[in-house]
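Examination of the molecular architecture
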Amino acid sequence: MSTQQYKTVSYYTLGCKLNFAETSTIARQMTDAGFAKIPFGEGSDVTVINTCSVTENADKKCRQLVKKAVKANPNSFVTIIGCFAQLKPQQIAEIKGVDMVLGANEKFNIVEHLADLDKKEIAKIENEHIKETKSFVPSYSFGDRTRSFLKVQDGCDYFCSFCTIPLARGRSRSATIAETLKQAQDVAKTDVKEVVLTGVNIGDFGAGNNESFFELIQELDKVEGIERFRISSIEPNLLSDDIIAFVANSKRFVPHFHIPLQSGNNEMLKEMRRRYDRELYANRVAHIKKVMPNACIGVDVITGFPGETDAHFVDSMEFIKSLDVSYLHAFTYSERANTTALRKDEIIPVNIRRERSRQLQQLSHKLRRAFYESQLGNEFSVLFEDEDHDGFIHGFTENYVKVIHPFDETLPNTLQKAKLESIDSEGFVRVT
């Protein structure tokens, strides 16, 4: 390892919170091995790009980042990891400038693969079949002193007809509660005030260990040194009354749920192979609002799925409007190799998909505005971020209202009681 002492490394992460947690863990391994981290695009000796298969144009984004890394340093040893690297290793290996592609099983062994940092004519591929990926590697993000993404689960057993995640990350798996608590306690020793629980299907936590997500959050709630826990995303069929009741009475778990819907039309939900109907979804939203009237509820929606008629889309939109939810994450359906959705006829033209997506984004804007307006006059705890934006500082309430306040150097990474006063022209809430 002596030849690698004082070598520099940079990272770029595409995609989800889970990827950010894993990049951070890999970065700590690299630091321990003697690599010095520098910003991406500043000519590092090693470049690590963590890719995503969910975002559109994954190949295009990967090529752009490789080009930028090699432009900054033609001798930079470029390594590609992540979901896209597992799904399309050969395609990535053919990108000019790529030296190594590591699949799901190998990305956490990256240091072992960096003994030789000479540029390669032909990229080295270390990629096993996803069925061989059975181990769980705990991870948490570090660097943003305000919050950390804590990986509590990986993989998925659901095989929805539009999704490649089971093919990119393997079967559902997690550590034990005891092991997860150790990770949380490590985070608690830092300056981090908020931990976001993340994974592919976090409600499935503990399935192989005869443990449950409900048991996990009960134990995490006891961890001293972390002010807030936030549940990133949880399937509606796994969001039990017990979990909702616990969050409602918890001092650390905040009233914010992100619940994937994907479609508000039952016929489309069945075609997507989702494990619930819209009646169950509406029940979950109503139950949350009954016990936590100020709770923030985010919704994932996909539009343009094969066979989604205008009537299906209108039905989905009307269903979403009937819910007391706070914002949407709208995704435009795009074809994914090896998914069963590819076999379906009635492909929706791209221009129609985009127009529907635009309408969903417009609805999301209205929902968020209405939610913010409903919270004016209330007092909440605000966790302020580090950044100074033109003399202002941003922060988030426990129920995920984004607020703005004149910058004060004593505020970053502190929790402050604040009253929500008004909404400014950019949609942020001013506080006093």
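That block above? That's the structure.
For clarity, every value in this text was computed on a predicted model and none was experimentally measured. (Residues numbered from 1 in each chain as written. Predicted model: local features only at pLDDT ≥ 70, side-chain atom pairs only at ≥ 80, totals over all residues. Heavy atoms only, no water.)

Attention now goes to the packing of helix H7 (residues 213-220) against helix H8 (residues 241-249). Contact geometry of H7 with H8 gives a least axis separation of 10 Å together with a crossing angle of 15°. With respect to their mutual orientation, H7 and H8 come out roughly parallel. Regarding H7 and H8, the two cross each other, and that crossing is left-handed. Listed contacts from H8 to Phe213, Phe214, Ile217 and Gln218 of H7 are Asp242, Ile243 and Phe246. (Axes fitted to C-alpha atoms, helices over the stretch in contact; angles between N-to-C directions. Helix = DSSP H or I, 4+ residues; strand = E, 2+ residues; numbered from the N terminus. Parallel < 35°, antiparallel > 145°, perpendicular 65-115°, else oblique. Left-handed = near helix turned anticlockwise from the far one by under 90°. Contact = heavy atoms within 4.5 Å.)

Secondary-structure assignment places Glu227 in the loop between H7 and strand E10 (228-231). Along the chain, Glu227 and Ser148 lie 79 residues apart, while their C-alpha atoms are 12 Å from each other. Apart from the residues within four sequence positions on either side, Glu227 is in contact with Lys193, Lys251, Arg252 and Leu415.

A separate point is the pairing of strand E14 (residues 379-384). The side chains of a regular strand alternate between both faces of the sheet. Burial of E14 is extensive: 5 of the 6 residues sit out of reach of the surface. Sheet topology places E14 next to strand E17 (residues 415-423); 5 bridges connect them, and they run antiparallel. Residue pairing for E17: Phe380 is matched across the bridge by Ala418. When E14 meets strand E15 (residues 392-397), the two strands line up antiparallel, connected through 3 bridges. Within E15, the position partnered with Phe384 by the bridge is Gly395. (Buried < 20%, exposed > 50% of the residue type's maximum accessible area, 1.4 Å probe, protein only. Pairing = 2+ DSSP bridges.)

The next thing to look at is the sheet that holds strand E16 (residues 402-406). To summarise the sheet geometry, strands pair through backbone hydrogen bonds and adopt either a parallel or an antiparallel arrangement. Spatially, the 5 strands close up into a barrel ordered E14-E15-E16-E18-E17, and their pairing is mixed. Taking each pair of neighbouring strands and ignoring which way they run, the sheet shows an average axis angle of 50°. Strand direction decides the pairing type here: E17 and strand E18 (residues 429-431), joined by 3 bridges, are antiparallel. Note that in E18 the partner of Ser422 across the bridge is Arg430. This element, helix H12 (residues 350-375), spans E14, E16, E17 and E18 of the sheet and lies at about 115° to E17.

Before going further, it helps to spend a moment on the packing of aromatic side chains. Throughout the structure, instances matching the rule amount to 9 aromatic pairs. Measuring from centroid to centroid gives 6.5 Å for Tyr276 and Tyr281, while their planes differ by 40°, and the two rings are tilted. On the basis of relative accessibility, which here comes to 7%, the residue Tyr276 falls in the buried class. Three or more aromatic residues joined by ring pairs form one cluster here, namely Phe214, Phe229, Phe246 and Phe253. For Arg28, the ring lying beneath its charged end belongs to Tyr140, and the centroid distance is 3.9 Å. (Phe/Tyr/Trp six-rings, centres within 6.5 Å; stacked < 30°, edge-to-face > 60°. Lys NZ or Arg CZ within 6 Å of the ring centre and 35° of its normal.)

A few words now on the pattern of salt bridges. Opposite charge on two side chains permits pairing when their charged atoms draw close. One pass over the full model with this rule turns up 28 salt bridges. Here Glu194 and Arg147 are joined by a salt bridge, their closest N and O atoms 3.3 Å apart. Here Glu194 is found in strand E9 (residues 194-198), whereas its partner Arg147 is found in strand E8 (residues 147-151), with 47 residues between them in sequence. Measuring nitrogen to oxygen at the nearest pair gives 3.1 Å for the salt bridge that ties Lys222 to Glu219. Given a relative accessible area of 54%, Lys222 falls into the exposed group. (Salt bridge = Lys/Arg side-chain N within 4 Å of Asp/Glu carboxyl O.)

Take the sheet that holds strand E4 (residues 77-82) next. Here we have 6 strands laid out as an open sheet, ordered E2-E1-E3-E4-E5-E6, and parallel in their pairing. Each having just a single partner strand, strand E2 (36-37) and strand E6 (124-126) make up the two edges of the open sheet. Note: strand E5 (residues 98-102) against E6, 3 bridges, orientation parallel. When the sheet's bridge partners are listed, Met100 is paired in E6 with Lys124. The sheet strands contacting helix H1 (residues 17-32) are strand E1 (8-13), strand E3 (46-51) and E4, and the helix crosses E1 at an angle near 175°. Relative to the sheet, helix H2 (residues 58-72) contacts E1, E3, E4 and E5, its axis offset from that of E4 by approximately 155°.

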